[in-house]
Every structure is written in C-alpha cells, then in structure tokens.
Amino acid sequence: MKKILVALLQIAVTVAVLFWVFHDPQKRAQMAVALRMADYRWIIAALGCYFVVELAAGVRWWILLKVQQIHLSILRVAGLFLIGMFYNQFLPGGTGGDIMKSYLLLKETPGKATGALLAVVFDRVVGLVALITLTGALIALRYDWLTQLPQTKLLVGLLVAVLASAVLMLVTSFVVSGFHLAHRLPQRCPGREKLIELSATYHLYARHWRATLVAFGASIVAHLATFATFLCVAYAFRAPVGIIDFFAIMPIERTISSLPISVSGIGWREQIFQIMLHGLCGVPEAVAVLIGSMSFLVMLASSAPGGIVYFLYKPSGQAGHVKLSEMRKEVATLEHEITESE
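Calculation notes
- Residues numbered from 1 in each chain as written.
- Predicted model: local features only at pLDDT ≥ 70, side-chain atom pairs only at ≥ 80, totals over all residues.
- Heavy atoms only, no water.
- Phe/Tyr/Trp six-rings, centres within 6.5 Å; stacked < 30°, edge-to-face > 60°.
- Buried < 20%, exposed > 50% of the residue type's maximum accessible area, 1.4 Å probe, protein only.
- Helix = DSSP H or I, 4+ residues; strand = E, 2+ residues; numbered from the N terminus.
- Contact = heavy atoms within 4.5 Å.
- Axes fitted to C-alpha atoms, helices over the stretch in contact; angles between N-to-C directions.
- Parallel < 35°, antiparallel > 145°, perpendicular 65-115°, else oblique.
- Left-handed = near helix turned anticlockwise from the far one by under 90°.
- Nonpolar A, V, L, I, M, F, W, Y, C, P; charged D, E, K, R; others polar.

It is worth spelling out the packing of aromatic side chains at this point. In the structure shown here, the tally under the stated rule is eight aromatic pairs. When the centroid spacing of 4.9 Å and the interplanar angle of 85° are considered together, the rings of Phe86 and Tyr87 count as edge-to-face. What makes Phe86 buried here is its relative accessible area of 14%. With a centroid separation of 5.3 Å and 80° between ring planes, the pair formed by Tyr87 and Tyr310 is classed as edge-to-face. You can see Tyr87 sitting in helix H4 (residues 74-90) and its partner Tyr310 sitting in helix H13 (residues 305-312), a full 223 residues away along the chain. Judged on exposure class, the residue Tyr87 and its partner Tyr310 are both buried. Among the aromatic residues, those joined into a ring-pair cluster are Phe86, Tyr87, Tyr310 and Phe311.

Structure below.
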C-alpha cells in the first residue's frame, strides 16, 4: 500500500510540474518554432552518444560480475543489462530496473546469489563515486559562474547537500566495513541493512582493485557520454552553450532529477534546465524546456529495446515471467540474509 501511495504522489507531482512548465501558450508557441527550426542531425548524434553510455555501463557491470566469479555469456549479460535500463526509465523510483536485473541474475546464477546481488549493488556504488568525482571537478571549475543568481545558487546548494549525504553514507559504510562494526549497529539504526550490504562488497572489490579501477573508468565514460547526449540535444535546438559550462550544469540536473520526487524526473528536468540555461546562458526558456524533454525522449528511445528483450527473454530455470512485487520480495529476502550473515 505504501509503495502505491508513493507512486501516486510521484504521478501527482509529475503532472503538477509539467502543467507549471508547459501551461504558458506563448512558451508553447515558441517551442513549436524551435521544433521546426531544429537540426535533427544532432538528435542522431545524441542517440549515438547514449549508445556509448549503455556500452560503458554494460562493460562496467560485466567487469564487476567477473570479480564475483560469475561468468555469463555476453548475450545474457547484455540482455539483463538492457532489461534493467528499460525498467529504470519506465518504472517510478528509478530502482525498478535494479530489482528486475537482480532477480533475473539470481535465476541465472544458482549458488552465487550473494555475489550476484552484491555486483548489482557495487555497480551503483561505482557509478555514484564517479558522479561525485566529476561533480567535484566541474563545480570547482565553475562555482562562481553557477552561483551568480539566487535560483541557481539554491540548486547548487541542493546538489551539494544530496551528494554530501551520499558521501557520508559511503564513508560510514567504509568505517563499518573496515572496523567490522556491522553487528554492533542497533537494529533500528536508519539504513542499517543498506550500510551492511555496502560494506559486504568492499573487501572483495578492494582485493581486485585493478578491475574496480577499470569499472570506475567505465563509469566516468558513461557519465561524460550522458552529458554529451544532452549537449547534442542542446545543439539541435541551436542553444548557445559552451561545453564546460553545459557539463557543469549537468550534475545538477542528473542528481536532482534522479530523486524519487516525480516519475523518472519528468518535469523537474525541464524546470532545472529552464532555470540554469536561461539564467546563466541566455537560452530562451522554451528552448531550455525542450532540451530537457527531448533528451529524456532520446534516453527512452535508447532504452526501449530492453522492453523487447524482456518479453523475449527466457530466464534459466523459470517457466515464465513473474510480478515485480514477487521479484522485489525475493530480492529483499536475500538482502536480509546477507545482512544477518555479515
């Protein structure tokens, strides 16, 4: 029931923000002009950039699976990855794809369930660390420029707060792991199971630091290619933005739109670009909104093949597909078992 209420709230927020962004008829007329004048060759380039995102992220996950001694065929790994990409875009909350990918991976790796789940967990961790690294470098380069307006300064502050919380969680999990404090945490400690789950991944991946470093490099490539995807869309609408300036804005959009406030960040993405690109780069508000919406459509189009793969996919040892709620329950059960065994 709680998950249904959260989903309904996300949908309500999405509708409200979209109405706020698109309600002005003059702005919609400007969008129509921008769509007619767009250079759609840049959209094709954006699709190419997002293919690089998927390739780099897929390689990262393949490397992390190898560390866990999980050896699947390239087709199986690619299929699972595409399914995860599809459901991360189309399910509220941004983690449905991870549940789907985790469950199917468990079915493919009998006897290695713990390693399979921890590979999915660490895949997220490596991506987060790479984003924090890039964000720190870009914000340091363009901090004064990014914070010159009250609204943009507020968004930068929100970005810093969110990533600072993520850093605190990672550091805490490192301490828990390094000093073997897992079972000393109170049962009611907020995030206890997640902290223990994270700490369980560190020892193995620290021993295989070369593979972990390559996975981190793949994450950097994936994030930069994501930024380039959005930049190509901006160029399609002839937005006068520099590469470094645009890349400095991207961590703000990526971080805030990933929060489980609306469905897949819809609405907030457009609002953030409207504030940042119009306020800092002089991009017309209508064009800034279009950059957000079209970039999301590019990501949807690039992730859509995962839906086809899912319907054609035949999990090993399983007669057919099961409900997401059942997948979530089984994955949660395994997570709890990992927590209790650490």
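Moving on, we get to the environment of Phe273. Structurally, the position occupied by Phe273 is in helix H11 (residues 268-281). The exposure class assigned to Phe273 is buried, which follows from its relative accessible area of 0%. With ten residues separating them along the chain, Phe273 and Val283 place their C-alpha atoms 9.4 Å apart. Setting aside its immediate chain neighbours within four residues, Phe273 contacts Phe230, Phe246, Ile249, Met250, Glu253, His278, Ala288 and Gly292.

A few words now on the packing of helix H10 (residues 243-257) against H11. Between H10 and H11, whose axes approach to 10 Å, the crossing angle comes to 155°. The orientation of H10 with respect to H11, classified from their angle, is roughly antiparallel. In the crossing of H10 with H11, the sense of the turn from one axis to the other is right-handed. Facing H10, whose interface residues are Phe246, Ile249, Met250, Ile252, Glu253, Arg254, Ile256 and Ser257, H11 presents Arg269, Ile272, Phe273, Met276, Leu277 and Cys281. Residues that form the contact of H10 with H11 fall into these classes: ten nonpolar, one polar and three charged.

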